Amino acid sequence: MPTPQAASGARSHEEPWWTSAVVYQIYVRSFADSDGDGVGDLRGVLNKVDYLSHLGVDIVWLSPIYPSPHDDGGYDISDYQDIDPLFGTLADFDELVAALHARGIKVVIDLVVNHTSDEHPWFTAARSSTSSPFRDWYWWRPARPGTTPGKPGSEPNNWRAAFSGSAWEFDESTQEYYLHLFSRRQPDLNWENPQVRQAVHQMMRWWLDRGVDGFRMDVINMISKDVLLPDGLPIPQDDFGDGSPFYLCGPRLDEFLMEMRKEVLAGRDHVLTVGEMPNVTLEQARAITDRRSPRVDMVFQFEHVQVDQGPAGKFDVRTPRPADLKASLSRWQEGLATTGWNTLYLGNHDQPRSVSRFGGPGELHVPSAKALATMLHLHRGTPFIFQGDEIGMANYPWRDVSEFRDIESLNHYRDRVERGEDPESVMRILRVMSRDNARTPMQWDSSPHAGFSTKIPWLNAHPDHTEVNVERQLEDPDSVLNYYRRLIALRHEEPAVSRGDFTLALPSHEQIYAFTRRHERTELLVVTNLSGDEADAGSLPEASTWLEARLLLANYPGEPTSWRLRPFETRVYRR
């Protein structure tokens with residue numbers, strides 16, 4: 001029998017408040033529409049604060065609500081210190097914060113400062129003239145020597161943008177290119193300029209003074225670039241290169257984050273900072289979240305949500321193997337056991353629905369939704385629930401490309417079809433991986449448009465909303481929603497969940513993910529079959545003893561009498 005791998009959880013008795021907290025992410029555009037325009041808004045969220053309180057969450061994370069042209073779902077910001085009229089007003093925001101605080105729920109907002117919108121006043125000033133005082137607030141470069149400005153191949157380097165094509169856009173008026181790692185309408189800020197950093201710090205203090213309790217920092221590990229902006233290695237079967245080695249966790253990232261902590265967060269110990277960091281390594285995450293000198297409190301890493309992707313990236317889709325998901329999650333549990341802290345998530349606004357991705361169809365839908373939630377929430381770290389995951393919302397059954405709204409999906413479709421790929425083959429991938437899967441309207445009831453709005457919504461509601469919705473699940477004690485409520489309560493009530501160490505069991509099992517959590521004299525055993533087939537966990541250490549322990553939580557009825565686990569069966573024992 002393999003030797004269990006232990007990850008010690010010894011820490012100071014003074015644990016930060018967020019170690020026992022649960023975060024609920026709200027993509028405001030898709031949560032609740034209060035004014036009948038088909039788009040979610042802040043007053044819609046305000047109308048649902050009692051639901052959030054009933055669910056039991058401690059923190060609400062609001063995706064961007066700033067003024068924006070919405071080229072990338074609000075992550076292209078044109079004013080950092082206001083609310084987009086589409087979502088409401090600053091007064092609405094203040095009222096929402098007050099209502100959440102009155103219920104003991106903290107508020108985290110998105111901080112998107114790697115880039116702005118091309119309609120932000122900083123950028124409109126920057127592009128007005130090469131001598132503009134704001135010119136150096138962004139990355140501007142002339143065409144490659146010996147090339148004709150504006151022609152393909154004349155870009156300053158060969159970097160590919162995240163949303164297809166070159167990472168450089170030519171500006172006719174000044175005859176130079178500006179860098180955009182995402183959409184061409186999202187020019188990258190130049191953090192080498194201290195004025196940029198000071199403006200960001202001022203803006204952050206303004207929101208904190210307004211009552212915000214923290215920030216989720218969008219792609220924050222991209223803010224420091226190699227100033228030489230060298231070419232990246234060519235991407236196979238592509239016109240562009242991979243520039244990520246020159247902008248992910250760049251040379252001054254540590255300095256910039258430490259400066260931010262000093263200038264903004266000093267004396268504000270209650271503030272939570274979560275850094276989204278694509279491709280961050282375990283070693284980097286450990287240093288960045290080390291509580292002795294933290295840059296941020298925790299990071300969003302992407303390793304476990306890439307186990308269903310091949311070497312060509314997100315749209316190179318493979319069938320996820322339970323063993324790979326287990327290996328990734330347990331590696332991060334062990335790696336951040338004594339230094340640093342994990343975020344626990346499977347879904348968010350950028351990921352397909354977790355139950356469609358890692359769970360089972362049909363009669364396995366509900367058991368797998370509960371199994372995935374149990375496996376995730378019983379880890380050491382801070383759980384993040386994306387709206388709708390608590391009722392088991394699934395990927396939308398997309399029929400054709402006209403139904404999509406996401407810029408990444410639309411650009412990918414156009415790019416692949418222009419390269420000669422079969423349109424239906426491209427659609428088959430987008431049905432699985434499009435970000436719009438996460439952004440369909442929240443399913444509140446079985447009425448038209450899922451109770452999200454009285455009008456046709458900006459994105460179609462899932463047709464299964466007549467069966468999968470909040471109203472129905474609130475009344476069903478065995479629903480996914482009420483199961484989530486029990487999971488959240490368990491984290492609040494059981495110190496072994498929030499503070500216990502982590503020990504992996506059955507590391508070589510292809511279907512079962514099993515681990516223990518131990519705190520002082522209490523030990524929990526979490527056993528989850530991550531497959532759609534039966535699985536045997538009889539080789540667990542002390543299997544017969546554990547079978548006699550108290551069963552805290554399970555997703556199948558009845559008292560188990562053996563270690564033969566049904567498809568997506570999960571159990572939590574306590575002794």
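Keep in mind it's a predicted model, so treat the numbers as computed, not measured.

Caption draft 1: The arrangement of the sheet that holds strand β5 (residues 140-141) in detail. Spatial strand order, β5-β7-β6: 3 strands in an open sheet with antiparallel pairing. Of all the strands in the sheet, just β5 and β6 (168-171) have a single pairing partner and so form its edges. Examined bridge by bridge, β6 and strand β7 (residues 176-179) share 4 bridges and lie antiparallel to one another. Counterpart to aspartate 171 in the pairing with β7 is glutamate 176.

Caption draft 2: Region of the structure containing the sheet that holds strand β12 (residues 298-300). Ordered in space as β12-β11-β8-β4-β3-β2-β16-β15, the 8 strands form an open sheet in which the pairing is parallel. One side of each edge strand has no neighbouring strand; the edge strands of this open sheet are β12 and β15 (343-344). In this structure, β15 lies alongside strand β16 (residues 382-386), joined through 2 bridges in parallel fashion. Note on β16: the bridge partner recorded for threonine 343 is threonine 382.

Caption draft 3: Structural detail: the packing of helix α5 (residues 194-209) against helix α6 (residues 253-265). At a minimum axis distance of 9 Å, the contact between α5 and α6 shows a crossing angle of 45°. Considering their axes alone, α5 and α6 lie oblique with respect to each other. Regarding α5 and α6, the two cross each other, and that crossing is right-handed. On α6, the residues touching Arg197, His201, Met204, Arg205 and Leu208 of α5 are Phe256, Glu259, Met260, Glu263, Val264 and Leu265.

Caption draft 4: View of the side chain of aspartate 415. Relative to the elements of secondary structure, aspartate 415 occurs in helix α11 (residues 407-418). For aspartate 415, the residues in contact, after removing those within four places along its chain, are Arg160 and Ser164.

Caption draft 5: Fine view of the packing of aromatic side chains. Per the counting criterion, the structure on display carries 29 aromatic pairs. Between tyrosine 396 and tryptophan 398, the aromatic rings sit 4.4 Å apart at their centres with planes inclined by 50°, giving tilted as the arrangement. The exposure classification of tyrosine 396 matches that of tryptophan 398, with both residues buried. A cation sits over an aromatic face here: lysine 106 above tryptophan 17, 5.0 Å from the ring centre. Geometry around tryptophan 546 places arginine 575 over its ring, the cationic atom sitting 4.0 Å from the centre.

Caption draft 6: Region of the structure containing unusual backbone geometry. Despite not being glycine, glutamine 237 shows a phi value in the positive range, around 55°. Topologically, glutamine 237 is positioned in the loop between β9 (233-234) and β10 (241-242). Despite not being glycine, alanine 450 shows a phi value in the positive range, around 65°. With respect to the helices and strands, alanine 450 occurs in the loop between α13 (436-439) and α14 (470-474).

Caption draft 7: Representation of the layout of surface pockets within the structure. Here the second largest pocket defines a volume of roughly 470 Å³. Every residue lining the second largest pocket is counted, 23 residues in all, and those nearest its centre are Pro16, Trp18, Arg291, Pro294 and Asp297. Of the residues that constitute the lining of the second largest pocket, the class distribution is 8 nonpolar, 6 polar and 9 charged.

Caption draft 8: Just the side chain of serine 498, in detail. The residue serine 498 is located in helix α16 (residues 495-499) in this model. With near-sequence residues (within four places) excluded, serine 498 lies in contact with Thr19, Ser20, Trp341, Arg491 and Arg517.

Caption draft 9: Here's a closer look at the nonpolar core. Formed by 126 residues in total, the largest nonpolar core has its most connected members in Tyr24, Leu52, Phe93 and Trp207. Apart from residues lying up to four places away in sequence, phenylalanine 93 is in contact with Leu42, Leu62, Ile65, Ile83, Ile109, Trp207, Arg210 and Val212. Phe163, Tyr177, Leu179 and Leu181 belong to the second-largest nonpolar core, a separate cluster that totals 18 residues.

Caption draft 10: Representation of the pairing of strand β17 (residues 501-505) in the model. Of all 5 residues in β17, 5 are buried, a share of seventy percent or more. Side chains Asp501, Thr503 and Ala505 project from β17 onto one buried face, and the interleaved Phe502 and Leu504 project onto a second face that is buried too. Counting the residues between successive antiparallel strands, the hairpin from β17 to strand β18 (residues 512-519) contains 6 residues, one of them, leucine 506, with a positive phi of roughly 50°.

Caption draft 11: Just α11, in detail. Along its 12 residues, α11 runs 16 Å from first to last C-alpha, staying within 8% of the 16 Å computed at 1.5 Å per residue. Regarding α11, the residues found buried are Ile407, Glu408, Ser409, Asn411, His412, Tyr413, Asp415 and Arg416. The elements touched by buried residues of α11 are β14 (313-317) and α12 (423-433).

Caption draft 12: Just empty space enclosed by the protein, in detail. As enumerated under the stated definition, the model contains 4 cavities of 30 Å³ or more in all. Roughly 150 Å³ of internal volume is contained in the largest cavity. Lining the largest cavity are 16 residues, with Leu346, Ser354, Ala373, Asp389 and Tyr484 sitting closest to its centre. When residues of the lining of the largest cavity are traced back to their parent elements, those giving at least two are α9 (354-358), α10 (365-377) and β16. For the lining of the largest cavity, the element with the highest residue contribution is α10, accounting for 5 residues. When grouped by side-chain class, the residues that make up the lining of the largest cavity number 11 nonpolar, 4 polar and 1 charged. Empty space within the second largest cavity amounts to approximately 70 Å³. If you trace the second largest cavity, you find it lined by Gln301, His304, Ser328, Leu329, Trp332, Gln333, Asn342, Thr343, Leu344, Tyr345, Leu376 and His379. Counting residues per element, the lining of the second largest cavity draws most heavily on helix α8 (residues 322-335), which supplies 4 residues. Residue composition of the lining of the second largest cavity, by class: 5 nonpolar, 7 polar and no charged.

Analysis parameters
Residues numbered from 1 in each chain as written. Predicted model: local features only at pLDDT ≥ 70, side-chain atom pairs only at ≥ 80, totals over all residues. Heavy atoms only, no water. Pairing = 2+ DSSP bridges. Helix = DSSP H or I, 4+ residues; strand = E, 2+ residues; numbered from the N terminus. Axes fitted to C-alpha atoms, helices over the stretch in contact; angles between N-to-C directions. Parallel < 35°, antiparallel > 145°, perpendicular 65-115°, else oblique. Left-handed = near helix turned anticlockwise from the far one by under 90°. Contact = heavy atoms within 4.5 Å. Phe/Tyr/Trp six-rings, centres within 6.5 Å; stacked < 30°, edge-to-face > 60°. Buried < 20%, exposed > 50% of the residue type's maximum accessible area, 1.4 Å probe, protein only. Lys NZ or Arg CZ within 6 Å of the ring centre and 35° of its normal. 1 Å grid on protein atoms, 1.4 Å probe; cavity = no way out; pocket = protein on both sides within 12 Å on 5 of 7 lines; lining within 4 Å. Points joined across faces, edges and corners; volume = space filled by probe spheres on them. Nonpolar A, V, L, I, M, F, W, Y, C, P; charged D, E, K, R; others polar. Core = buried A, V, L, I, M, F, W, Y, C linked by side-chain atoms within 4.5 Å. Expected span 1.5 Å × (residues − 1).

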